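One-letter residues, chain by chain:
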Amino acid sequence: MYGGGGGGGGFNAPSTASGRRRNQEDEEEEEEEAGEGRVLEAWERAYADDRSWEALQEDDSGLLRPIDTKTLVHAQYRRRLLLRSAATAAARIQKGLIRYLYIVIDLSRAASEMDYRPSRMAVVAKHAEAFIREFFDQNPLSHVGIVTIKDGICHRLTEIGGSPESQIKALMGKLECSGDSSLQNALELVHGYLDQVPSYGHKEILILYSALNTCDPGDIMETIEKCKKSKIRCSIIGLAAEIFICKHICEETGGSYTIALDESHFKELLLEHAPPSPAIAEYAAANLIKMGFPQRGAEDLISICSCHKKIKSGAEGYICPRCKVNVCELPTECRTCGLTLVSSPHLARSYHHLFPVQPFDEVSSIYPNKLGQKGGQKCYGCQQSFINPDSQSSLHVRCPKCNQHFCLDCDIYIHESLHNCPGCESQRSSSS
Amino acid sequence: MTSKVYSDDVSLAVVVVDTNPFFWASAALPFADFFAHLIHYVNSLLLLNHLNHVVVIATGVSSCTYIFDSSDASASGSADVAATFAKASRKIEEFIAQDARCTASNGSVADSNSASLLSGALSLALCYIQRVFRSGTRHPQPRILCLQGSPDGPEQYVAVMNSIFSAQRSMVPIDSCIVGAQDSAFLQQASYITSGVYLKPQELSGLFQYLAAVFATDLHSRTFLRLPKTLGVDFRASCFCHKKTIDMGYVCSVCLSIFCKYHKKCSTCGSEFNRVMPDLNSMPDQRQ
Amino acid sequence: MPISWSTATSTCSTPRWPASCPGRCRRSVSSCSTRHTTSITSALRLSVSASASRRWKALNETCGASRKRLIGRFKATDANRLRAEYNRLVDGLAQRGNLPISDAWLANPALPDDILKEAVPGNIRRAEHFLAVLRRLVRFLDGRLETETVENEMPVSFVASIHSQAGIDQKMLRFCYDRLHSLMLTLEITDTDEFMHIQTICDFATLIGTYTRGFSIITEPYDERMPDIRDPVIQLSCHDASLAIQPVFDRFQTVVITSGTLSPIDLYPRLLNFNPVISRSFTMSLTRDCICPMVLTRGSDQLPVSTKFDMRSDPGVVRNYGRLLLEMSSAVPDGIVCFFVSYSYMDGIVNSWNEMGILQDIMQHKLVFIETPDVVETTLALDNYRKACDCGRGAIFFSVARGKVAEGIDFDRHYGRLVIMFGVPFQYTLSRILLARLEYLRETFQIKEGDFLTFDALRQAAQCVGRVIRSKADYGMMIFADKRYSRHDKRSKLPGWILSHLHDAHLNLSTDMALHIAREFLRRMAQPYDKMGSGGNKTLLTEEDLQNMAQDAMEM
């Protein structure tokens, strides 16, 4: 593991950008020579990627302290949250809960650039996997498919499906980059596939674009018009720089165009597409979908499951209520009768999109303690004190409904993951 | 995850205690005995490993609060049973009294079928666990134990499911020990989804033995033990119109509300449904 | 061919900043970009150049049958007409002083104040006499063209030699234009193109008769670049820019001269001979650094790059420039504009790149379009360039520093994300006219030749790179690719709005460093732009804001 050239990545003097780049290039060469097995040690990664010496600042007495990013992060998060809730509260906009999403991955020669480590393509694949898991977590009834662009031609990597495993398996396979990239071909191909999707589903495309141009066989404006007419919402995440045509596509179809600054920012941008965005009501027809809620079979029932054609005990699978066939996992579509099979937790996962927690108000100081105001000294959720060791009262938030005070971390956790306000839940409302 | 804990067997146990007076008034086991079992259990947890951390949250009918935290400065040093007992019972008495006052002033209808605020307690527990996660790279492995007696409150369904999914995301198992008469569907689902243990002891007078045998072990050691397995969990949904369990129904594509038969308009979100879904079989839907 | 200076309406390189407002009151406010009023171009428009071939043609015409025939015919058939014409001439001169102000007065090459309001001299009142005078003048000029050496003289001596050799005095020369104009009106000659050359000669004559200072007459027997071919040219060139702007100052009450390239600002009042009432220089208020100027002095192999004459054909330099463009085309989206110092240099370097195969590599990333001296071709190229940028294919535009594109066309938003100035665009220093002008400037204003040339070159460079930014929400990068830019005396002559964004870290870059900076800059600029600004003071005002501001000012 500690190869002879390992020290090259270590103590670089970060004097010039070019100096750093040259050293990184040496490192990459060593890595390539040593074979795929060599991975940067954690301490090496800290120097090469994190540049932690830059995150320092002097405090009043001249000592070095790490930059306090907490309030910064919280401020950013609050801005995002307010934007999101403003958008939904503005009009009677519903959320698109049943989504049919195609992820388009750009495998042109620009994706083999090494400004993201180890290469743009590897980073994209890694985060796309995390995204798919998160996506199915937040949208259990949705479907995802993957399309790749290579040599100017697009191929469908996986069919659109409702479970993450098959998509992730395809992503983890060997992916190669070459040739030009073509946005028009990607849009045409996905448009063809999305036309076959049921009318109640929201059609979306997410393009992860590394290239800086597009070599199209025809007029891309016509294709954009077609997508717009079919109500396909197209979003793009760029890894390099802002391209006019991408911005145009996103503006026309109502999607969002963002550029990633670095790997962690890319991850953040990608995960922002996981929760359903406020959807225009006319984009998808409202329909009553017939669904089945299967039970587990009896222990002693032996049958062949319809998905893998293997012998399974009844207790290991579920029985379709309509055709009584054995299926292995949920949610899925019964292969025999076509009924959508879900379990109630899957539907429950999406309920929080419909009943979101209201954004909390900021409270800057705990003094003076007004009469009749509950809480104050400690966070209601985690019991952490608001007073810092240096006796400065830190920023915290307050729920407008139950008036309980929470610390910043609980605020983020409540809104991003828990979707319950502990204060409101711990109160018996007068009408149940 | 293994790099993040002190060692394999250090645990943080958050105990959610149901103190619903309406239930305890008519329960088979008196509350004082139950509380004694609980305190002994807490003490035994603390004795298993000096780094173990226990937090007790009380769930009332109108409020929830933290009762006991083993990391409080005042409780450090002495693992004195008497001191713990006294302190905790004082706190819980205060809480029950306060809760009763809240319930009275609220004026809401409350009877023996009232539910305790399970969702609130779970939310508090999860916030506390998140704080422990933030404390650094080395922290105990958390889990939640719910001692529940009151029935489930259907109005808490969404909130409880949210807590369950959040616990599943953070990999926190929710164990359940039912001290009441009927099973709790919420906690069955919770334990199933989060890979926790669900138990309804038959002999409540031996509650401590159940607690110590089943729920006291840390997560790593559980893989070596043979713990009570959950029998089939019923994941069927209830329709919004009749609250009946159904195994085939119609779901609104906009708001995901479940109906047992076809409606022209969704009662939750008001969307109009334009056409009849072509149904393959015209047989009436199977009801349970 | 009306010879006149033009009030330039070409756009400046940055939003206009008022620099001076003198004046009396009349009807309108004129605002002009100073480039054209002070640059040699405008001064040259006051100049007249007549080449030998045209001389011959003109001679033919004057002695030509057509004219004589016409006049003869008319003389025979319509003596009255000629008389009427003569009367008109006399009346016309008197009337001219009372004519309402219109742009018709621009037709006469001399300035209105200098047009003599006198009677026409006797010896050209009759058409035949006038023609004879013209013939003598043409013969004199012809004799002058046969010289073997380059001659440079002041109008005074030239006029004196005309007088001594052709017997035409100054006053007669002054009236040439009017006389010809009137004659052509009378003869109802509508096809003025045929008589273009004789008009040139009359303009020439009028100008040298009117002005004694600020002009020089240069006779060149052959073009410097082709010493074997005999191509004699007589050039009358104007060096004094104040003559050109005089009518503007006279006609308008308030004149605001704005430009993004007006540095050094104290030079302009001297050159244009006026006293500014206000002279201000403003900086741009930006919420984010939307321009990123860089000075690139060497290639990736650390060899210096320049378009200095002795280094131009060095293959290492050519390759470094080529690699710079190649790297940038792979890192910058949409449109890139490249400016070269001259057409010949652009031709040569593009050829070399083609031979080295660099051009093919570049074309894999972006399409390439080139400006040519032909207007139609260039317009077509520009059109296709814009189409390529719009549809995402990306394009590069090769242009020349003093060409039409550099002075007129904007490459804002995605049409210009990067502009590369290859070298320092010095003027062709062996041109006689330039030398004459430099001498004039040195004698009159004590401006050193080197300073003026540098200042002019850098102003041209700034003009070129300024094509890329047109609004505060726009962003773009600029690369000055020549080692001479890193010297302080050159760099300090760049306008303030560029210098304020030129950080020390962006000086003296090599290709890979520039690439790295470019990538970072593009990523940063692609983040959503908060128009409000961080401090809450708006930097992009709406009409409402302006009205509020005006109201506040009035209340105060």
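Residues numbered from 1 in each chain as written. Chains lettered and ligands numbered in written order. Predicted model: local features only at pLDDT ≥ 70, side-chain atom pairs only at ≥ 80, totals over all residues.

## Here's the deal with the overall build of chain A
Put simply, the test is: Under the DSSP-based scheme used, a helix requires at least four consecutive residues in state H or I and a strand at least two consecutive residues in state E, with every element numbered from the N terminus. Buried residues are those with 20 or more other C-beta atoms within 10 Å of their own C-beta, exposed residues have 12 or fewer, and partly exposed residues lie in between; C-beta atoms are placed from the backbone. Contact definition: two residues whose C-beta atoms, as placed from backbone geometry, lie within 7 Å.
Counting secondary structure elements, chain A contains twelve helices and 21 strands. Out of the 432 residues in chain A, the part that is buried amounts to 39%. Summarising the internal contacts of chain A: among those between residues at least 6 apart in sequence, 64% fall at separations of at least 24.

## As for the pairing of strand β2 (residues 53-59) of chain B
Residues and elements named next belong to chain B. Convention followed: In this description, strands pair whenever DSSP reports at least two bridges between them.
Among the seven residues of β2, six are classified as buried, and the element is accordingly described as predominantly covered. With seven bridges joining them, strand β1 (residues 11-18) and β2 adopt parallel strand pairing. Opposite D18, over in β2, you have T59 as the bridge partner. The pairing of β2 with strand β3 (residues 64-69) spans five bridges and is antiparallel. Paired with A58 across the two strands is T65, which belongs to β3.

## Quick notes on unusual backbone geometry
Here A:R117 and A:P118 are connected by a cis peptide whose omega angle stands at -10 degrees. Take A:P118: it is sitting in the loop between β4 (99-106) and α4 (120-138). Unlike most non-glycine residues, C:D334 shows phi in positive territory, near 55 degrees. The phi angle at C:R413 is positive, at roughly 45 degrees, despite the residue not being glycine. Classification of C:R413 by C-beta neighbours within 10 Å gives partly exposed; the count is 19.

## Focus on the UniProt feature "domain: VWFA" (unreviewed entry) in chain A
The line we're drawing: UniProt positions are given in the numbering used here, feature names are shortened, and annotations may be inferred rather than shown by experiment.
Annotation from UniProt places "domain: VWFA" (unreviewed entry) at residues 100-239 of chain A. End C-alpha atoms of residues 100-239 of chain A are separated by 24 Å, and the span's content is 36% helix alongside 27% strand.

## Re the confidence of the model for chain B
Basically, it comes down to this: For every residue, the pLDDT score states the predictor's confidence, bounded by 0 at the bottom and 100 at the top.
Confidence along chain B averages 82 in pLDDT terms, with 86% of residues attaining 70 or more. Two numbers describe this predicted complex: its pTM, 0.74, and its ipTM, 0.85.

## Re the sheet that holds strand β20 (residues 396-398) of chain A
Reading across the sheet, the three strands line up as β19-β20-β21 (chain A) and stay open at both edges, with antiparallel pairing between neighbours. The open sheet is flanked by β19 (361-363) and β21 (405-406) of chain A, the only strands paired with a single partner.

## Some points on the interface of chain A and chain C
Chain A puts 18 residues into the contact, and the matching count from chain C is 21 residues. Those elements that place two or more of their residues in the side of chain A that touches chain C are α1 (17-34) and α8 (244-253) of chain A. Among the elements that line the side of chain A that touches chain C, the one with the most residues is α1(A), at three residues.

## A short note on the packing of helix α10 (residues 344-354) of chain A against helix α5 (residues 157-169) of chain B
The relative placement of two packed helices comes down to the angle between their axes together with the axis-to-axis distance. The condition that has to hold: Angular values range over 0 to 180 degrees, each being the angle between N-to-C directions of two axes fitted as lines to C-alpha atoms, with helices fitted over their stretch in contact. The labels follow the angle: roughly parallel below 35 degrees, roughly antiparallel above 145, roughly perpendicular from 65 to 115, and oblique for the rest.
Between α10(A) and α5(B), the least distance of the axes is 9 Å, while the angle of their chain directions is 100 degrees. In this view, α10(A) runs roughly perpendicular relative to α5(B), as classed from their interaxial angle. Here α10(A) contributes A:P345, A:A348, A:R349, A:Y351 and A:H352 to the contact with α5(B), which in turn contributes B:V158, B:M161, B:N162 and B:F165.

## Focus on the interface of chain A and chain B
Put simply, the rule is: Throughout, the ten residues Ala, Val, Leu, Ile, Met, Phe, Trp, Tyr, Cys and Pro are labelled nonpolar, Asp, Glu, Lys and Arg are labelled charged, and all others, Gly among them, are labelled polar.
Counting from both sides, the interface comprises 48 residues of chain A and, opposite them, 58 residues of chain B. Listing elements by their share of the side of chain A that touches chain B, those giving two or more residues are β11 (288-292), β12 (295-296), α10, α11 (408-418) and α12 (422-425) of chain A. Residue contributions to the side of chain A that touches chain B peak at nine residues, all from α10(A). For the side of chain A that touches chain B, a count of residues per class yields 23 nonpolar, 18 polar and seven charged.

## A closer look at the nonpolar core
Worth spelling out the cut-off: What makes a nonpolar core is a set of buried Ala, Val, Leu, Ile, Met, Phe, Trp, Tyr and Cys residues, with links drawn between C-beta atoms within 7 Å.
In this structure, A:V104, C:C338, C:F339, C:M421 and C:I479 are the most contacted members of the largest nonpolar core, which totals 134 residues. In terms of residues, this core owes the most to one element, α4(A), which gives nine residues. Excluding residues within four positions of it along the chain, C:I479 makes contact with C:M294, C:L296, C:L418, C:I420, C:M421 and C:A514. Grouped together as the second largest cluster of nonpolar side chains are 109 residues, A:L347, A:V397, B:F186 and B:V254 included.

## Some words on the environment of B:L38
Residues and elements named next belong to chain B. When you line up the elements, L38 lands in helix α2 (residues 31-48). The buried category is assigned to L38, around which 21 C-beta atoms lie within 10 Å. A C-alpha to C-alpha distance of 9.8 Å links L38 and V56, two positions 18 residues apart in sequence.

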